Amino acid sequence: MKSAAWGGLALMVVWLVYSFFVHSPWWGYISVFFAFMMVFCHLAALYVEKISSAASRKLDLLSFVMGVHFIVAIIIEAFFV
């Protein structure tokens, strides 16, 4: 669903701006990066699906990998804060 993916991307941008104004430490941006890339890759997969289903599957797989990295980054950041 493209509208949900666009909403997720907007949420990631808001989270990034919030993290910037709160002055979080530099490692606090790692989880934001992985979350942004997860949403961006999924959104790109939705738009590429009409052109190439193989590319869409690879982008969705990359989105999944970024999601796993996001969860790991959140767990690691919890120990440093």
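Residues numbered from 1 in each chain as written. Predicted model: local features only at pLDDT ≥ 70, side-chain atom pairs only at ≥ 80, totals over all residues. Heavy atoms only, no water.

(A) Fine view of the nonpolar core. Ranked by size, the top nonpolar core spans eleven residues in total: Ala-5, Leu-9, Met-12, Phe-34, Ala-35, Val-39, Leu-43, Leu-46, Met-66, Phe-70 and Ala-73. Those elements that place two or more of their residues in this core are helix 1 (2-22), helix 2 (28-48) and helix 3 (53-80). For Met-12, the residues in contact, after removing those within four places along its chain, are Val-32, Ala-35, Phe-36 and Val-39. (Core = buried A, V, L, I, M, F, W, Y, C linked by side-chain atoms within 4.5 Å. Buried < 20%, exposed > 50% of the residue type's maximum accessible area, 1.4 Å probe, protein only. Helix = DSSP H or I, 4+ residues; strand = E, 2+ residues; numbered from the N terminus. Contact = heavy atoms within 4.5 Å.)

(B) Highlighting the packing of aromatic side chains. Applying the stated rule across the entire model yields three aromatic pairs. Each ring, one from Trp-15 and one from Phe-70, has its centre 6.0 Å from the other, and the planes form 85 degrees; the classification is edge-to-face. Highlighted residues: Trp-15 in helix 1 and Phe-70 in helix 3, separated in sequence by 55 residues. When its relative accessible area of 27% is taken as the criterion, Trp-15 is described as partly exposed. We note Lys-2 situated over the ring of Tyr-47; from NZ or CZ to the ring centre the distance is 4.2 Å. (Phe/Tyr/Trp six-rings, centres within 6.5 Å; stacked < 30°, edge-to-face > 60°. Lys NZ or Arg CZ within 6 Å of the ring centre and 35° of its normal.)

(C) Examining helix 1 more closely. Here helix 1 spans 30 Å end to end across 21 residues, near enough to the 30 Å set by a 1.5 Å rise per residue. Within helix 1, burial applies to Ala-5, Gly-8, Leu-9, Met-12 and Ser-19. Along the axis of helix 1, the buried positions cluster into a sector of 100 degrees, meaning they face one direction only. Within helix 1, the exposed residues directed more than 90 degrees away from the buried face are Ser-3, Leu-11, Val-14, Tyr-18 and Phe-21. Where the residues of helix 1 are buried, they touch helix 2. At the C-terminal side of helix 1, His-23 shows a positive phi close to 60 degrees. (Expected span 1.5 Å × (residues − 1). Arc of directions from axis to C-beta.)

(D) Quick look at the layout of surface pockets. Its boundaries defined by the atoms lining it, the largest pocket holds a volume of some 170 Å³. Lining of the largest pocket is provided by eleven residues; of these, Trp-15, Ser-19, Ser-24, Gly-28 and Glu-77 occupy positions nearest its centre. Those elements giving two or more residues to the lining of the largest pocket turn out to be helix 1 and helix 2. For the lining of the largest pocket, the leading source of residues is helix 1, giving four residues. Per-class residue counts for the lining of the largest pocket are six nonpolar, four polar and one charged. (1 Å grid on protein atoms, 1.4 Å probe; cavity = no way out; pocket = protein on both sides within 12 Å on 5 of 7 lines; lining within 4 Å. Points joined across faces, edges and corners; volume = space filled by probe spheres on them. Nonpolar A, V, L, I, M, F, W, Y, C, P; charged D, E, K, R; others polar.)

(E) Just the packing of helix 1 against helix 2, in detail. Two elements in contact, helix 1 and helix 2, have axes whose closest approach is 9 Å; the angle formed by their N-to-C orientations is 160 degrees. Between helix 1 and helix 2, the angle falls in the class roughly antiparallel. The interaxial crossing formed by helix 1 with helix 2 has left-handed handedness. Of the residues in helix 2, those touching helix 1 at Lys-2, Ala-5, Trp-6, Gly-8, Leu-9, Met-12, Val-13, Trp-15, Leu-16, Ser-19 and Phe-20 are Tyr-29, Ser-31, Val-32, Ala-35, Phe-36, Val-39, His-42, Leu-43, Leu-46 and Tyr-47. Across the contact of helix 1 with helix 2, the residue classes tally to 16 nonpolar, four polar and one charged. (Axes fitted to C-alpha atoms, helices over the stretch in contact; angles between N-to-C directions. Parallel < 35°, antiparallel > 145°, perpendicular 65-115°, else oblique. Left-handed = near helix turned anticlockwise from the far one by under 90°.)

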